[in-house]
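# Descriptive structure summary
What follows is the residue order along each chain.
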Amino acid sequence: MRNILAATALIAAAAISTAAYAQQKLSADDAIKAAFAKAPDDWKDRLMPDETMKHCSAFKNNPPAAIAAQIQKAAKASIKYPDDGKFMGDWKKGEAIAQSGYGMRFTDYPPQRASGGNCYACHQLAPKELSYGTIGPSLLNYGKLKGFKEEAVKAVYERIYNSHATLPCSNMPRLGANGVLTIDQIKDVVALLMSPESPVNK
Ligand code: HEC
């Protein structure tokens, strides 16, 4: 009963604040900004959608061909490639990065260590990990299914760096372009997906 009362109070509070925002005619973007008034300066950009997000929201992730092409072009231009021309690092490090959801949250600020890729939150990868999300397709046997081909290795790198370069308005985070993962970390994750020795392909 107390829980129900508490929940009702919460819903009422939410309704009141929603109504308050509606009265002030705040947009959803402004409401989000207002909710993070104390965000550190180098955080604030993240509260407003960039060009890509604006387009994707305006067209509910289904932009007309010309806009999709524009998004894709900008995404391709954002990709930085490894200096040594090698796309694969260490799959063991990649597995740790795929497991880690550290980074970019208020509680991780200022950062104490490198961010993770949080891949398991959306994808199945190595079969040993039973806890995974299903927003993204299963990546089990990914390298094997791609025949471990060189062009597939590069394609995975690009996909992780900025998914909109492959699929405009993709729901996958832009892990390289948004500075979540470094080039070396992305190489480690590519190895997790594409190396024949990786548990993903065994
Ligand atoms: C918030 C959820 C989310 C996270 C986190 C995420 N992805 Fe994705 N990923 C998706 C979605 C949704 C798709 C399908 C849409 C697309 O292809 O862009 C996808 C697609 C992919 C694909 C293409 C699969 C194919 O069909 O060929 C690869 C490869 C991939 N993700 C790898 C990763 C890796 C590696 C990580 C961690 C570094 C990761 N993803 C993190 C949601 C996510």
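Shown above is the structure to which this text applies.
Quantities reported herein were computed from a predicted structural model and do not represent experimental measurements. (Residues numbered from 1 in each chain as written. Predicted model: local features only at pLDDT ≥ 70, side-chain atom pairs only at ≥ 80, totals over all residues. Heavy atoms only, no water.)

## Quick word on the overall build of the chain
Of the regular secondary structure elements, the chain holds 9 helices and 0 strands. Counting from the amino terminus, helix and strand elements in the chain follow one another as α-α-α-α-α-α-α-α-α. Residue pairs at least 24 apart in sequence account for 59% of intrachain contacts in the chain once pairs closer than 6 positions are excluded. As displayed, the chain has an accessible area near 12700 Å², and 58% of this comes from carbon and sulfur atoms. (Helix = DSSP H or I, 4+ residues; strand = E, 2+ residues; numbered from the N terminus. Contact = heavy atoms within 4.5 Å. Areas by Shrake-Rupley, 256 points an atom, 1.4 Å probe, with all protein chains shown as cover.)

## A few points about helix 4 (residues 51-58)
Residues T52, H55 and C56 constitute the buried set of helix 4. Seen along its axis, helix 4 keeps its buried residues to an arc of 95°; they face one direction. More than 90 degrees from the buried face of helix 4, the exposed residues found are S57 and A58. Contacts made by the buried residues of helix 4 are with helix 5 (65-78). Just past helix 4, the residue K60 takes up positive phi, approximately 45°. (Buried < 20%, exposed > 50% of the residue type's maximum accessible area, 1.4 Å probe, protein only. Arc of directions from axis to C-beta.)

## Observations concerning the packing of aromatic side chains
Counted according to the given criterion, the structure contains 5 aromatic pairs. Consider the rings of F36 and F106, whose centres lie 5.4 Å apart with planes at 25°: the pair is stacked. Remark: F106 occurs in the loop between helix 6 (91-99) and helix 7 (142-145) and F36 occurs in the loop between helix 2 (28-35) and helix 3 (41-44); sequence separation between them is 70 residues. Residue F106 is classed as partly exposed on the basis of its relative accessible area of 38%. Measuring from centroid to centroid gives 6.2 Å for Y81 and F87, while their planes differ by 85°, and the two rings are edge-to-face. Taken together, the ring pairs connect Y81, F87, Y157 and Y161 into an aromatic cluster. (Phe/Tyr/Trp six-rings, centres within 6.5 Å; stacked < 30°, edge-to-face > 60°.)

## Notes on the nonpolar core
Counting 28 residues, the largest nonpolar core has L125, I160, V190, L193 and M194 as its most contacted members. The set of elements that each furnish at least two residues to this core consists of helix 6, helix 8 (150-161) and helix 9 (183-194). Among residues more than four places away in sequence, those in contact with L125 are C119, Y120, L139, L140, L192, L193 and V200. (Core = buried A, V, L, I, M, F, W, Y, C linked by side-chain atoms within 4.5 Å.)

## Topic: the coordination of the iron atom of the ligand
Binding of the iron atom of the ligand to the protein goes through H123 (NE2) and M172 (SD), at separations of 2.0 to 2.1 Å. Considering all 6 donor atoms around the iron atom of the ligand, the spread of angles at the metal, 84 to 178°, places the coordination shape in the octahedral class. Here H123 is found in the loop between helix 6 and helix 7, whereas its partner M172 is found in the loop between helix 8 and helix 9, with 49 residues between them in sequence. (Donors = N, O, S within 2.8 Å, 3.2 Å for Na, K, Ca; no water. Tetrahedral: all angles 85-135°; square planar, octahedral: opposite > 155°, others 65-115°.)

## Observations concerning unusual backbone geometry
The amide bond that connects Y109 to the next residue, P110, takes the cis arrangement and shows omega of -5°. In this structure, P110 sits in the loop between helix 6 and helix 7. For N61, which is not a glycine, the phi torsion comes out positive at approximately 65°. Classification of N61 as partly exposed rests on a relative accessible area of 37%. Although it is not a glycine, N118 sits at a positive phi angle of roughly 55°. Tracing the chain through its elements places N118 in the loop between helix 6 and helix 7.

Geometry only, nothing functional implied.
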